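For reference, the chains in residue letters:
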Amino acid sequence: QVQLVESGGGLVQAGGSLRLSCAASGSITSIKTMGWYRQAPGKQRELVATIATNGRTNYADSVKGRFTISRDNAKNTVYLQMNSLKPEDTAVYYCNLDRWGFVSEWGQGTQVTVSS
């Protein structure tokens with residue numbers, strides 16, 4: 001059984017920064033990517049950023065140049081450094097673990113609120 005534990009959300013003013021962390025525990029094998037998605041009220045969940053085990057990254061256009069995803073493979077932990085935050089970044093951020101041959105796993109979500 002896999003568990004994803006997120007931390008680091010909160011309230012910040014526009015232009016500020018936050019760092020999200022997600023630690024995966026349990027039977028972790030065959031990792032393809034780890035990443036972050038977000039869901040704002042009344043909107044669908046959308047990709048923010050993912051990172052593969054080889055370090056290859058993928059970002060949503062809306063966060064390129066502001067957010068940086070990184071991972072510690074030894075700790076099965078993924079990070080999202082969010083800079084120059086905007087009110088439109090307000091959402092619940094979900095950690096995702098995608099593995100070869102397994103159903104995708106999700107964290108419980110962490111709220112990020114950016115005030116104007």
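This is a predicted model, so every value here is computed, not measured. (Residues numbered from 1 in each chain as written. Predicted model: local features only at pLDDT ≥ 70, side-chain atom pairs only at ≥ 80, totals over all residues. Heavy atoms only, no water.)

Engineer: Which residues make up the overall build of the chain, and what values do they have?
Structural biologist: In terms of helices and strands, the chain carries 0 helices and 11 strands. Counting from the amino terminus, helix and strand elements in the chain follow one another as β-β-β-β-β-β-β-β-β-β-β. Against the globule reference of 13 Å for 116 residues, the chain gives a C-alpha radius of gyration of 14 Å, in line with a compact fold. Viewed in the frame of its principal axes, the chain has a C-alpha envelope of about 40 × 25 × 20 Å. Contacts in the chain between residues far apart in sequence, at least 24 positions, make up 53% of those at least 6 positions apart. For the chain, the separation between the mean place of its 12 positive charges and that of its 8 negative charges on side chains is 3 Å. (Helix = DSSP H or I, 4+ residues; strand = E, 2+ residues; numbered from the N terminus. Rg over C-alpha atoms; globule rule 2.2 N^0.38 Å. Contact = heavy atoms within 4.5 Å. Lys, Arg positive; Asp, Glu negative; His and termini not counted. Charge placed at Lys NZ, Arg CZ, Asp CG, Glu CD.)

Engineer: Describe the nonpolar core, with residues and values.
Structural biologist: Nonpolar side chains in soluble globular proteins tend to be buried together. In this structure, Trp36, Leu80, Met82 and Tyr93 are the most contacted members of the largest nonpolar core, which totals 30 residues. Listing elements by their share of this core, those giving two or more residues are β1 (2-7), β3 (18-26), β4 (31-39), β5 (46-52), β7 (67-72), β8 (77-82), β9 (91-99) and β11 (110-115). In this structure Leu80 touches Leu18, Arg19, Leu20, Trp36, Val48, Ala49, Phe67, Thr68, Ile69 and Tyr93, once residues within four positions along its chain are discounted. (Core = buried A, V, L, I, M, F, W, Y, C linked by side-chain atoms within 4.5 Å. Buried < 20%, exposed > 50% of the residue type's maximum accessible area, 1.4 Å probe, protein only.)

Engineer: Pulling in residues and values, what's your account of the sheet that holds β3?
Structural biologist: Two orientations exist for strands paired in a sheet by backbone hydrogen bonds: parallel and antiparallel. On the basis of which strands lie adjacent, the open sheet formed by 4 strands has the order β1-β3-β8-β7 and antiparallel pairing. The sheet is open, and its two borders are formed by β1 and β7, each paired with just one other strand. Between one strand axis and the next, the sheet turns through 15 degrees on average, direction left out of account. (Pairing = 2+ DSSP bridges. Axes fitted to C-alpha atoms, helices over the stretch in contact; angles between N-to-C directions.)

Engineer: Please set out the pairing of β8 residue by residue, giving values where relevant.
Structural biologist: Two faces, one strand: in a regular strand the side chains alternate between the faces of the sheet. Buried residues dominate β8, accounting for 5 of its 6 residues. Bridge analysis of β3 against β8 gives 6 bridges, and the strand direction is antiparallel. Bridging from a neighbouring strand, Ser21 pairs with Tyr79 of β8. Alignment of β7 against β8, held across 6 bridges, turns out to be antiparallel. Residue Arg71 lies in a different strand from β8, and its bridge partner there is Val78.

Engineer: Could you give an account of the packing of aromatic side chains, with specific residues and numbers?
Structural biologist: All told, the structure shown has 1 aromatic pair when counted by the stated rule. Residue placement shows Arg19 over the ring face of Tyr79; its charged tip is 4.2 Å from the ring centre. Over the face of the ring belonging to Tyr94 we find Arg45, whose NZ or CZ atom lies 3.7 Å from the ring centre. (Phe/Tyr/Trp six-rings, centres within 6.5 Å; stacked < 30°, edge-to-face > 60°. Lys NZ or Arg CZ within 6 Å of the ring centre and 35° of its normal.)

Engineer: Help me get a handle on the pattern of salt bridges, residues and values and all.
Structural biologist: Applying the stated criterion across every chain, the model contains 6 salt bridges. For the salt bridge of Arg38 with Glu46, the shortest nitrogen-to-oxygen distance reads 2.7 Å. A salt bridge links Lys64 to Asp61, with the nearest nitrogen and oxygen atoms 3.1 Å apart. Among the residues examined, Lys64 registers a relative accessible area of 49% and is labelled partly exposed. What emerges from the salt-bridge pattern is a single network uniting Arg38, Glu46, Arg66 and Asp89. (Salt bridge = Lys/Arg side-chain N within 4 Å of Asp/Glu carboxyl O.)

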